[in-house]
Amino acid sequence: MSTHVTPHPAVPAGEKRANADPAPIIVPMRRKHLREIRRIDKLVYPRPWSMALYLDELQRHGERVYRVACHADPAGRPGGVIGYGGFMIVAGEGHITSVAVHPECQGRGVGARLMLELHREARRIEGLEALTLEVRVSNEAAQRLYRWFGYAPVGSRTNYYRGGPGGKREDALVMWCHDIDSDEHGRQLGEIAASMGVR
Ligand SMILES: CC(C)(COP(=O)(O)OP(=O)(O)OC[C@H]1O[C@@H](n2cnc3c(N)ncnc32)[C@H](O)[C@@H]1OP(=O)(O)O)[C@@H](O)C(=O)NCCC(=O)NCCS
């Protein structure tokens, strides 16, 4: 298995449907979540990761951070998977490989809740000072989410994604969030958490 993981190429942002409970419980990704995660991937990505790739990712303790957003079951325990996200740690930087929310649960703050958790986890990792990601130039909802967390575009990768508008290839915007270990970023996360009603 390759040690390099190509980040998920997302399909262009589509119309949102939102009729699900928006209050997720965030838990570490485990093997038991993978079937539901892959179901989401097939709905939102043209080239979903294989089960083997996920299993390999989960074995990379210390090099990967993955979190899953679940519905709360009637007892308040984590139920069905509604989204997930994660990053890999390479040369002291965190590279977000995927953030994905079930299409029926998008636009309800689940993506933001996952990003908050990923940033909090990244701040716990000694020496990790920045997070980076690629996003389709047409994926404005994702870009708004990332900007909210402090990401800024620094460049683009031409024809990076397949399956763009009109079936053509599409450029990726490269975004970075620097100084994630700073007090200022901690305050920013605190404000985001407060606005979402998250402790
Ligand atoms: C991108 C994706 C993960 C976002 O998840 P989501 O749960 O729909 O996102 P949220 O509901 O948390 O919304 C993010 C919101 O933060 C919002 N936001 C930005 N700044 C904000 C602020 N200051 N205050 C409040 N909200 C803000 C954004 O506006 C965005 O909402 P909008 O699209 O209605 O404008 C989801 O759309 C998805 O899975 N898409 C398909 C896969 C994909 O494209 N993944 C990204 C690959 S790079």
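Rules used in this analysis
- Residues numbered from 1 in each chain as written.
- Predicted model: local features only at pLDDT ≥ 70, side-chain atom pairs only at ≥ 80, totals over all residues.
- Helix = DSSP H or I, 4+ residues; strand = E, 2+ residues; numbered from the N terminus.
- Buried ≥ 20, exposed ≤ 12 C-beta atoms within 10 Å, placed from the backbone.
- Contact = placed C-beta atoms within 7 Å.
- Pairing = 2+ DSSP bridges.
- Right-handed = clockwise from strand over helix to strand, strands pointing away.
- Axes fitted to C-alpha atoms, helices over the stretch in contact; angles between N-to-C directions.
- Core = buried A, V, L, I, M, F, W, Y, C linked by C-beta atoms within 7 Å.
- pLDDT = per-residue confidence, 0-100.
- Parallel < 35°, antiparallel > 145°, perpendicular 65-115°, else oblique.
- Left-handed = near helix turned anticlockwise from the far one by under 90°.
- Expected span 1.5 Å × (residues − 1).

### Observations regarding the overall build of the protein chain
At step 1: Secondary structure summary: the protein chain contains 5 helices and 7 strands in total.
At step 2: Each helix (α) and strand (β) of the protein chain, taken in turn from the N terminus, gives the series β-α-α-β-β-β-α-β-α-β-β-α.
At step 3: Counting the 199 residues in the protein chain, one finds 34% classified as buried.
At step 4: Partitioning the contacts of the protein chain with sequence separation of at least 6, the portion at a separation of at least 24 is 68%.

### Some words on the pairing of strand β4 (residues 93-101)
At step 1: Taking burial as the measure, the 9 residues of β4 include 7 buried ones, the bulk of the element.
At step 2: In textbook terms, the turn of a hairpin is the stretch between consecutive antiparallel strands, and for strand β3 (residues 78-90) and β4 this stretch comprises 2 residues, one of which, A91, has a positive phi near 50°.
At step 3: Following the backbone out of β4, through helix α3 (residues 110-123) and into the adjacent parallel strand β5 (residues 130-136), one traces a crossover that is right-handed.

### Remarks on the sheet that holds β3
Consider a sheet: its strands pair through backbone hydrogen bonds, and that pairing is either parallel or antiparallel.
At step 1: In spatial order, the strands read β1-β2-β3-β4-β5-β7-β6; together these 7 strands make up an open sheet with mixed pairing. This sheet does not close on itself; its edge strands, each paired only once, are β1 (25-28) and β6 (152-161). Ignoring strand direction, the axes of neighbouring strands in this sheet form an average angle of 30°.
At step 2: Where α3 meets the sheet, it contacts β1, β2 (64-72), β3, β4 and β5, and its direction lies at approximately 40° from that of β3.

### What to know about the nonpolar core
At step 1: Membership of the largest hydrophobic core comes to 37 residues, with the highest contact counts inside it found for A69, Y84, L114, L118 and V135.
At step 2: Here this core gets 6 residues from one element, more than from any other, and that element is α3.
At step 3: Once residues lying within four places of it in the same chain are set aside, the contact partners of L118 are V65, R67, G85, G86, F87 and I96.

### Comments concerning the confidence of the model for the protein chain
At step 1: Overall, the prediction assigns the protein chain a mean pLDDT of 90, with 89% of residues at 70 or greater.
At step 2: Confidence drops under pLDDT 50 across residues 1-5; counting only partners more than four residues distant or on other chains, this segment forms 4 contacts.
At step 3: Counting contacts from residues 11-20, a segment whose pLDDT is below 50, to residues more than four positions away or on other chains yields 28 contacts.

### Digging into the pairing of β2
At step 1: Judged from the 4 bridges that link them, β1 and β2 form a sheet pairing that is antiparallel. In the sheet register, P28 faces β2, and the bridge partner there is R67.
At step 2: Counted between consecutive antiparallel strands, the loop separating β2 from β3 contains 5 residues, among which G76 sits at a positive phi close to 80°.

### Digging into the packing of α3 against helix α5 (residues 183-196)
At step 1: As a packed pair, α3 and α5 sit with axes 11 Å apart at the nearest point and diverge in direction by 150°. In terms of orientation, α3 lies roughly antiparallel with respect to α5. As α3 packs across α5, the resulting crossing turns out to be left-handed. Here A112, R113, L116, H119, R120 and R123 of α3 come into contact with α5, specifically with G186, L189, I192, A193 and M196.

### As for unusual backbone geometry
At step 1: Of note, A91 is a non-glycine position whose phi angle comes to about 50°, a positive value.
At step 2: Mapped onto the elements of the fold, A91 is located in the loop between β3 and β4.
At step 3: Take A91: there are 5 C-beta atoms within 10 Å of it, and that puts it in the exposed class.

### Brief notes about the environment of I89
At step 1: Along the chain, I89 falls in strand β3.
At step 2: I89 sits in the partly exposed class, given 18 other C-beta atoms within 10 Å.
At step 3: Residues I89 and I125 lie 36 residues apart in sequence; the distance between their C-alpha atoms is 9.6 Å.
At step 4: With residues up to four places along the chain from it excluded, the contact list for I89 reads E63, G94, I125 and L128.

### Regarding α3
At step 1: Here α3 is 14 residues long and its end C-alpha atoms lie 20 Å apart, about the 20 Å a rise of 1.5 Å per residue gives.
At step 2: A large share of α3 lies buried, amounting to 10 of its 14 residues.
At step 3: Among the residues of α3, those classed as buried are V110, G111, R113, L114, M115, L116, E117, L118, H119 and A122.

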